[in-house]
Amino acid sequence: MRYRLFIMAATICSTHAMAQDNIETLLQEIEKNNTTLKALRYDTEAQKSANHSENALPDPELEVGYLWGRPSAIGSRKDFSAKQSFDIPAITGQRTRQSKQKDRLADSQYNLQRTALLLQAKLLCIDLIYYNARIATLNERIKASRIVAEGQAKQLSCGDISQTTYNYTALNLSVAEAELKQTESERMEICRSLTALNGGFPVTLNINRFTALTLPMSFAQWYDGNNKTTHPQTALARQEMETTKGETALAKAESLPSFSIGYTGEFTQGEHYQGVAVGVSVPLWRGKRKVAQAKAAQLAAQERMADNEHQLRAQQEALFYRAQSLHNLATSLTQALSQSNSTPLLQKALQEGEISTAEYFTELEKYYDAADKALIAERDSQKAYAELHAAEL
């Protein structure tokens, strides 16, 4: 009676824990605690500061000169000048607009890395749910094997069965218990990996069932209507192209003359000169090469974007049909298992002598092997689905 009450209490506590656990909350914690993402966020802010560091006008130039005269009767001369340089991109704000494009590029690069890390965490969560479910299945299998072993131990003491028969049952129980220990060890490895991603904070996820998947009916309709424009790879490639276009326009503007304006004065004994000084700098040598380089970079970015769209569509299409196929396989296996779960009948047949111990464990092995195949198919379909919807992380 005490054992039954303990099982009931454990079941209630487990159910409560499962209700508190979900992948989305865990991913939010990982995004907050992950040290790699923290460093990337600081890198992004530093890059944004660097993008705007060259937007200001050049520092004003001040020049003072003191010249001694010879012969001394002519006195000394004092020169003074102050000037400010400026170019077309600074006046029109073009350089500032380009810096904002670079800011968006930095954000796109961060978002791509963030998505990759959160996808890695989600795939580990899916593995963890798989191991939780497998451990639950193995516990059921061990429980069934232990019931048979305890019954046969009594039969052995009464001389109703042979030692060989009992040893076969004990061996099957030991194999199942060893498999449980190995699975628990593999589960702990997944937990350690998630803990590392969570900045060293322990991770708990007690779910042992996967959320039902809802796959779109048409890949083309789903991809063209949503993922084609929102995927981080596409966003990054598009922003790279926009940034290089801005660099080309900026290079053209920088190839135009730049100007300077200021005050200058010359002071000598008894007279002085002062007035406005205007200067022009014509970039004859470097301008053309810089524009040519910017145009080449723009063409390369356009080609990368076209290649990205082609590769991403092919990758997403493969994931879509993989998820669909595995989901259908898992569904059919699960339905077949629900209709053919004859474990209680097998135990009854064994007790009544209708089947041998070897036949009992052979049939039991078949059932749990099929259950594991269904679980693996569901796990893999969940992973393919997660990769397919990585843009939503």
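Residues numbered from 1 in each chain as written. Predicted model: local features only at pLDDT ≥ 70, side-chain atom pairs only at ≥ 80, totals over all residues. Heavy atoms only, no water.

**Remarks on the nonpolar core**
Next, step 1: With 31 residues, the main nonpolar core has Ile30, Leu194 and Leu205 as its most contacted residues.
Next, step 2: Contributing elements (two or more residues each) for this core: helix H2 (23-33), helix H3 (35-51), helix H5 (94-158), helix H6 (163-197) and helix H11 (357-388).
Next, step 3: Setting aside residues no more than four positions away along its own chain, leucine 194 makes contact with Ile30, Ala121, Leu124, Cys125, Leu128 and Val203.
Next, step 4: Leu337, Leu346, Tyr368 and Ala371 belong to the second largest nonpolar core, which has 12 residues in total. (Core = buried A, V, L, I, M, F, W, Y, C linked by side-chain atoms within 4.5 Å. Buried < 20%, exposed > 50% of the residue type's maximum accessible area, 1.4 Å probe, protein only. Helix = DSSP H or I, 4+ residues; strand = E, 2+ residues; numbered from the N terminus. Contact = heavy atoms within 4.5 Å.)

**A short note on the confidence of the model for the chain**
Next, step 1: Per-residue pLDDT for the chain averages 84, and the proportion of residues at 70 or more is 92%.
Next, step 2: For the chain, per-element mean pLDDT is lowest for helix H1 (residues 2-20), which scores 35, and highest for H3, which scores 95. (pLDDT = per-residue confidence, 0-100.)

**Brief notes about H2**
Next, step 1: For H2, the full list of buried residues reads Ile23, Leu26, Leu27, Ile30 and Asn33. Projection of H2 onto a plane perpendicular to its axis shows the buried side chains occupying an angular sector of 135°, all on one side.
Next, step 2: Between a side-chain oxygen at the N-terminus of H2 and the backbone nitrogen of glutamate 24 the separation is 3.3 Å; the capping residue is asparagine 22. (Arc of directions from axis to C-beta. Polar contact = N/O pair within 3.5 Å; in protein donor to acceptor, adjacent residues only side chain to side chain.)

**With respect to the pattern of salt bridges**
When the charged atoms of two side chains with opposite charge come close together, those side chains can pair.
Next, step 1: A complete count under the given rule lists 20 salt bridges for this structure.
Next, step 2: One salt bridge in this structure joins glutamate 177 and arginine 146, with 2.8 Å as the shortest N-O distance. With glutamate 177 in helix H6 and arginine 146 in helix H5, this pair connects stretches of sequence that are 31 residues apart.
Next, step 3: Judged by relative accessible area, glutamate 177 falls into the partly exposed class, the value being 27%.
Next, step 4: Owing to a relative accessible area of 35%, arginine 146 belongs among the partly exposed residues under this scheme.
Next, step 5: Overlapping salt bridges, with partners in common, bring together Asp87, Arg95, Glu254 and Lys290 in one network. (Salt bridge = Lys/Arg side-chain N within 4 Å of Asp/Glu carboxyl O.)

**Quick word on the pairing of strand S4 (residues 271-281)**
Next, step 1: Looking at chain direction, strand S3 (residues 258-268) and S4 are connected through 11 bridges and run antiparallel. Residue pairing for S4: tyrosine 263 is matched across the bridge by valine 276. (Pairing = 2+ DSSP bridges.)

**Digging into the sheet that holds S3**
Adjacent strands of a sheet pair through backbone hydrogen bonds, lying either parallel or antiparallel.
Next, step 1: Ordered by their spatial adjacency, four strands build an open sheet running S1-S2-S3-S4, and the pairing between neighbours is antiparallel. Sheet topology places strand S1 (61-67) and S4 at the edges, where each strand pairs with a single neighbour. Neighbour to neighbour, the strand axes of the sheet diverge by 15° on average, direction disregarded.
Next, step 2: Pairing geometry for S1 and strand S2 (residues 77-86), over seven bridges, is antiparallel. Within the sheet, the bridge partner assigned to glutamate 63 lies in S2 and is serine 81. (Axes fitted to C-alpha atoms, helices over the stretch in contact; angles between N-to-C directions.)

**Overview of the packing of H3 against H5**
Next, step 1: Contact geometry of H3 with H5 gives a least axis separation of 9 Å together with a crossing angle of 170°. In terms of their interaxial angle, H3 and H5 are classed as roughly antiparallel. Here Thr36, Leu37, Leu40, Arg41, Thr44, Gln47, Lys48 and Asn51 of H3 come into contact with H5, specifically with Ser99, Lys102, Asp103, Ala106, Asp107, Tyr110, Gln113, Arg114 and Leu117.
Next, step 2: For the contact of H3 with H5, the residue count by class is five nonpolar, six polar and six charged. (Parallel < 35°, antiparallel > 145°, perpendicular 65-115°, else oblique. Nonpolar A, V, L, I, M, F, W, Y, C, P; charged D, E, K, R; others polar.)

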